[in-house]
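Below, each chain spelled out in residue letters.
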Amino acid sequence: ETGVTQTPRHLVMGMTNKKSLKCEQHLGHNAMYWYKQSAKKPLELMFVYSLEERVENNSVPSRFSPECPNSSHLFLHLHTLQPEDSALYLCASSQDKGDTQYFGPGTRLTVL
Amino acid sequence: KNEVEQSPQNLTAQEGEFITINCSYSVGISALHWLQQHPGGGIVSLFMLSSGKKKHGRLIATINIQEKHSSLHITASHPRDSAVYICAVKTSGSRLTFGEGTQLTVNP
């Protein structure tokens, strides 16, 4: 248990659906991250939020929309996804940008 | 070519063996992380290094900044050590660049 939770753990959606992934951290951290892990590929950083402001957007398609309403919660809103978006989506948090990151268990997303 | 290369990609060992996983990188870094990912996806941070050596239980991590190389060693390996071990380097700000991981299987 790392103090970072993610829901749902598994999600299957069609290309026309809209869904959201949720991440919550109970560590008092002020930076949160979304990563994508595709099969046989390294982890890819998607977004970074620091003090609830988005400080990094790593050329992610607009069908992925992050939201950070407060320092403990991070969402990833999904719409009109493609099958190649199927992957494990991991959330992480850290005390400050650049500090050791604590990862959640991930959401396994399948897009049909 | 990935900026972070790990070797081997897959490693099978017998319980009790000494294990070494290597990481080489081609960019300037401020720190290097070793992470462990168990089946199901959860990732745990094992070490963050900027120089020298760190030890935690049966795990030892070393880094040579001049040679741009780090190693993760596991002594007296156990089946519960079976996981993917990932090397990641911190280049600028908050950005981490990850290796592809090493799948370790320790057989009883």
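Here, the structure is the one placed above.
Read on for an overview of the structure.

Conventions we followed
- Residues numbered from 1 in each chain as written.
- Chains lettered and ligands numbered in written order.
- Predicted model: local features only at pLDDT ≥ 70, side-chain atom pairs only at ≥ 80, totals over all residues.
- Heavy atoms only, no water.
- Salt bridge = Lys/Arg side-chain N within 4 Å of Asp/Glu carboxyl O.
- Helix = DSSP H or I, 4+ residues; strand = E, 2+ residues; numbered from the N terminus.
- Buried < 20%, exposed > 50% of the residue type's maximum accessible area, 1.4 Å probe, protein only.
- Pairing = 2+ DSSP bridges.
- Axes fitted to C-alpha atoms, helices over the stretch in contact; angles between N-to-C directions.
- Phe/Tyr/Trp six-rings, centres within 6.5 Å; stacked < 30°, edge-to-face > 60°.

### What about the pattern of salt bridges?
Here is step 1 of the chain: Applying the stated rule across the entire model yields three salt bridges over all chains.
Here is step 2 of the chain: A:Asp85 is the salt-bridge partner of A:Arg63, the closest N and O atoms lying 2.7 Å from each other. Taken together, the positions of A:Arg63 in the loop between strand S6 (53-57) and strand S7 (64-70) and A:Asp85 in the loop between strand S8 (73-79) and strand S9 (87-94) put the pair 22 residues apart, joining distant regions of the chain.
Here is step 3 of the chain: With a shortest N-O distance of 2.9 Å, B:Arg58 and B:Asp81 are connected by a salt bridge. Of this pair, B:Arg58 sits in the loop between strand S6 (52-56) and strand S7 (59-64) while B:Asp81 sits in the loop between strand S8 (69-74) and strand S9 (83-90), and the two are 23 residues apart along the sequence.
Here is step 4 of the chain: Residue classification places B:Asp81 among the buried residues on the basis of a relative accessible area of 7%.

### Points about the sheet that holds S7(B)
Residues and elements named next belong to chain B.
Here is step 1 of the chain: Spatially, S1-S3-S8-S7-S6 is the arrangement adopted by the five strands of the open sheet, whose pairing is antiparallel. Here the strands that pair on one side only, and so sit at the sheet edges, are strand S1 (4-7) and S6. Neighbour to neighbour, the strand axes of the sheet diverge by 15° on average, direction disregarded.

### Focus: the sheet that holds strand S3 (residues 18-25) of chain A
Residues and elements named next belong to chain A.
Here is step 1 of the chain: Reading across from one edge, S1-S3-S8-S7 is the order of the four strands in this open sheet, with antiparallel pairing throughout. Edge positions in the open sheet fall to strand S1 (4-7) and S7, since each of these has one partner strand only. The mean angle between the axes of side-by-side strands here comes to 20°, regardless of whether they run parallel or antiparallel.
Here is step 2 of the chain: Pairing geometry for S7 and S8, over five bridges, is antiparallel. Bridging from a neighbouring strand, Glu67 pairs with Phe75 of S8.

### With respect to the packing of aromatic side chains
Here is step 1 of the chain: All chains considered together, the criterion is met by four aromatic pairs over all chains.
Here is step 2 of the chain: Plain terms: the ring middles of A:Tyr33 and A:Tyr35 are 6.3 Å apart, the flat faces sit at 25° to each other, and that makes the pair stacked. Each member of the pair, A:Tyr33 as well as A:Tyr35, carries the same accessibility label: buried.
Here is step 3 of the chain: Centroid distance A:Tyr35 to B:Phe98: 5.3 Å. Interplanar angle 90°. Geometry classified as edge-to-face. With A:Tyr35 in strand S4 (residues 31-37) and B:Phe98 in strand S10 (residues 96-98), this residue pair bridges two chains.

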